[in-house]
Amino acid sequence: MRILVWVFRALLFFTLFAFALNNQQQANVRWFFGVEWHAPMVIVVLVVFAAGCALGVLAMVPSWWRHKREVRRLSPLPSPAPPPTTRQEPTPSELLPEHPPREGL
């Protein structure tokens, strides 16, 4: 399975690398008020992809916070640790299971 994952990663890397090599021509991005940005097309695509990922993560933050608050509200408070006792070694009857094992299975 690990080999299959590494083959997939290599295939994805070489596909993106070939995409970058094939899209080196200049692209003009025209913003508002006559502002232009000149960059290779692969850089423009990379910036747009990164901005989309960042926007997606930011859109999920309120949901994550709400879920975390809900989990914290529903989880019980940790109980305090019991005070240490001076106990002797367990007896052999305390080490045995409560029920004898079933036979014949």
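You'll find the structure just up there.
Scope of this entry: the structure provided in the associated data block.

Scoring rules and cut-offs
Residues numbered from 1 in each chain as written. Predicted model: local features only at pLDDT ≥ 70, side-chain atom pairs only at ≥ 80, totals over all residues. Heavy atoms only, no water. Helix = DSSP H or I, 4+ residues; strand = E, 2+ residues; numbered from the N terminus. Buried < 20%, exposed > 50% of the residue type's maximum accessible area, 1.4 Å probe, protein only. Contact = heavy atoms within 4.5 Å. Areas by Shrake-Rupley, 256 points an atom, 1.4 Å probe, with all protein chains shown as cover. Phe/Tyr/Trp six-rings, centres within 6.5 Å; stacked < 30°, edge-to-face > 60°. Pairing = 2+ DSSP bridges. Salt bridge = Lys/Arg side-chain N within 4 Å of Asp/Glu carboxyl O.

Take the overall build of the protein next. Scanning the protein from N- to C-terminus turns up three helices and two strands. Walking the protein from its N terminus toward its C terminus, one meets helices and strands in the order α-β-β-α-α. Sorting the 105 residues of the protein into buried and exposed places 5% on the buried side. The long-range fraction of contacts in the protein, counting pairs at least 24 apart against all pairs at least 6 apart in sequence, stands at 3%. For the protein, the exposed surface amounts to about 10700 Å²; the carbon and sulfur share of it is 70%.

Here we take up the packing of aromatic side chains. Within this structure, the stated rule accounts for two aromatic pairs. Seen in terms of ring centroids, Phe-13 and Phe-14 are 5.3 Å apart; in terms of plane orientation they differ by 70°. Their pairing is edge-to-face. A relative accessible area of 54% places Phe-14 in the exposed class. Ring plane angle 15° and centroid distance 6.0 Å describe the contact between Phe-13 and Phe-17, whose orientation is recorded as stacked. Taken as a pair, Phe-13 and Phe-17 lie in helix α1 (residues 2-22) at a separation of four residues, close to a single helical turn. Taken together, the ring pairs connect Phe-13, Phe-14 and Phe-17 into an aromatic cluster.

The subject of this paragraph is the pairing of strand β1 (residues 26-30). Judged from the five bridges that link them, β1 and strand β2 (residues 36-40) form a sheet pairing that is antiparallel. By the bridge assignment for β2, Val-29 is matched with Trp-37. In textbook terms, the turn of a hairpin is the stretch between consecutive antiparallel strands, and for β1 and β2 this stretch comprises five residues, one of which, Phe-33, has a positive phi near 60°.

On to the pattern of salt bridges, then. Tallying each qualifying case throughout the model produces two salt bridges. One salt bridge in this structure joins Arg-30 and Glu-36, with 3.6 Å as the shortest N-O distance. Arg-73 is paired through a salt bridge with Glu-70; the nearest N and O atoms lie 2.6 Å apart. Taken together, the residues Arg-73 and Glu-70, both in helix α2 (residues 41-74) and three residues apart, mark about one turn of the helix.

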